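# Architecture at a glance
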Amino acid sequence: MSISAFIPEAANEDERRYNVPVATEAFFAECWQPAAESLGLQWVPLFSTGIEIGREDLPAVLDELARLKQWALARAQDARFEMLAGRIELLETELPKALEREGAVVYIG
């Protein structure tokens, strides 16, 4: 199984096609979860069980992703953490686009 971001109540074809890969469940448990716990993050750990994110949540989620990316980049000599940072960069780019429409919600899980 894998974790991804998508728009459950899409308003148009672009939103229906919106799908951003985050991680396999195994990779999330191996890399994302321990890092998130060590940084004391609140939003990122919920990706594994599933969480809805609205426009009002975006600043807090992006802040946590930025902190996690910095943590991963400091360990980028390990290819796993380089891949983690790359997926975070994708989320940092794509989440704001998905939440442009008033009332849009992104589900990550």
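Our structure is the block above this text.
Report on the accompanying structure. (Residues numbered from 1 in each chain as written. Predicted model: local features only at pLDDT ≥ 70, side-chain atom pairs only at ≥ 80, totals over all residues. Heavy atoms only, no water.)

Right, let's get into the packing of helix α2 (residues 25–39) against helix α3 (residues 58–73). Between α2 and α3, the least distance of the axes is 10 Å, while the angle of their chain directions is 110°. Judged by the angle between their axes, α2 and α3 are roughly perpendicular. Every residue of α3 that contacts α2 at W32, A35, A36, S38 and L39 is listed here: L65, R67, L68 and W71. Broken down by class, the residue content of the contact of α2 with α3 amounts to 7 nonpolar, 1 polar and 1 charged. (Axes fitted to C-alpha atoms, helices over the stretch in contact; angles between N-to-C directions. Helix = DSSP H or I, 4+ residues; strand = E, 2+ residues; numbered from the N terminus. Parallel < 35°, antiparallel > 145°, perpendicular 65-115°, else oblique. Contact = heavy atoms within 4.5 Å. Nonpolar A, V, L, I, M, F, W, Y, C, P; charged D, E, K, R; others polar.)

In this section: the nonpolar core. Counting residues in each nonpolar core, the largest one holds 36 residues, and the members touching the most others are W32, F47 and I108. Where this core is concerned, the elements lending two or more residues are β1 (2–6), β2 (19–24), α2, β3 (51–54), α3, α4 (79–98) and β4 (105–108). Contacts of F47, omitting those with residues within four sequence positions, involve I3, V22, F28, W32, I53, V61, L65, L91, I108 and G109. (Core = buried A, V, L, I, M, F, W, Y, C linked by side-chain atoms within 4.5 Å. Buried < 20%, exposed > 50% of the residue type's maximum accessible area, 1.4 Å probe, protein only.)

With that out of the way, let us pick up the side chain of K69. You can see K69 is positioned in helix α3. Here K69 is in contact with A85, I88, E89 and E92, once residues within four sequence places are set aside.

According to the stated counting rule, one finds 9 salt bridges in the structure shown. Between E13 and R17 there is a salt bridge, with the nearest N and O atoms lying 3.9 Å from each other. Here E13 and its partner R17 are both found in helix α1 (residues 13–17), 4 residues apart, which amounts to about one turn of the helix. Under the relative-accessibility criterion, E13 is labelled partly exposed at 41%. (Salt bridge = Lys/Arg side-chain N within 4 Å of Asp/Glu carboxyl O.)

Once that is clear, we can look at the side chain of D57. Residue placement: D57 occurs in the loop between β3 and α3. Once residues lying within four places of it in the same chain are set aside, the contact partners of D57 are W43 and E52.

Let us now look at α2. With 15 residues, α2 extends 20 Å between its outermost C-alpha atoms, agreeing within 8% with the 21 Å of an ideal straight helix rising 1.5 Å per residue. Of all the bends in α2, the largest measures some 35° and sits at W32, one to four residues before the proline P34. Among all positions of α2, only F27, F28, C31, W32, Q33, A35 and A36 are buried. Turning to α2, the residues buried within the fold contact β1, β2, α3 and α4. Two residues or fewer past α2, G40 is found with a positive phi of approximately 70°. (Expected span 1.5 Å × (residues − 1). Bend = angle between axes of the 7 residues up to and from the residue.)

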